[in-house]
Amino acid sequence: VHGMMQYARALDLLLELQRPELSAAERASVVSSKFDCVVSMQRYQSLGEESLEATELLFADFPQLQIAYVEEEADRAAPAGRRYSACLVDGHCARVPGSLRRRPRVRVQLPGYPVLGDGKGDARNCALPFVRGRLVQTIDAN
């Protein structure tokens, strides 16, 4: 993630050289229109404290980093009694009181259980509603 986030810094430096008349805020606006890093962390909802602390370190370094995950909730009206949503959080989202977990900025209800196959590709699929219409590069981080 750290390496991928360096794209934003590189774009900012390039823009500073090519358009020195732009303010830092204007450059940040242009860079954010050109680059987003959305990490698909399908099990964010069930991460333990140690993993949440590591995630918070990423948010401290890169507040514009976005994490997409699948939220599972009990719902008697839903098929099989469960409702699934694709959610998006970033370093600017408010924290859930008493937890390191963050409240979703965006929530998209899914039609059913999102994992259909072997899991690898499905884990990245939960991020797709948040990157539609953009050039997408997916990486596998083992």
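Our subject in this report is the structure included herewith.

Definitions and limits used
Residues numbered from 1 in each chain as written. Predicted model: local features only at pLDDT ≥ 70, side-chain atom pairs only at ≥ 80, totals over all residues. Heavy atoms only, no water. Helix = DSSP H or I, 4+ residues; strand = E, 2+ residues; numbered from the N terminus. Buried < 20%, exposed > 50% of the residue type's maximum accessible area, 1.4 Å probe, protein only. Contact = heavy atoms within 4.5 Å. Areas by Shrake-Rupley, 256 points an atom, 1.4 Å probe, with all protein chains shown as cover. Phe/Tyr/Trp six-rings, centres within 6.5 Å; stacked < 30°, edge-to-face > 60°.

**With respect to the overall build of the chain**
From N to C terminus, the chain includes four helices and four strands. From first element to last, N terminus to C terminus, the chain shows the α and β order α-α-β-α-β-β-β-α. Looking at the chain as a whole, 32% of its 142 residues are labelled buried. Pairs at least 24 apart in sequence give 55% of the contacts found in the chain among residues at least 6 apart. Accessible surface for the chain amounts to roughly 9,300 Å². Of this, 53% is attributable to carbon and sulfur atoms.

**As for the packing of aromatic side chains**
A complete count under the given rule lists three aromatic pairs for this structure. Summarising the aromatic geometry, the rings of Tyr44 and Tyr69 are spaced 4.8 Å apart at their centres and angled 45° between planes, so their arrangement reads as tilted. Of this pair, Tyr44 sits in the loop between strand 1 (38-40) and helix 3 (49-61) while Tyr69 is found in strand 2 (residues 66-74), placing the two residues 25 residues apart along the sequence. Of the two residues, Tyr44 and Tyr69, neither departs from the other in class, the shared state being buried.

Just geometry here; none of it tells us what the structure is for.
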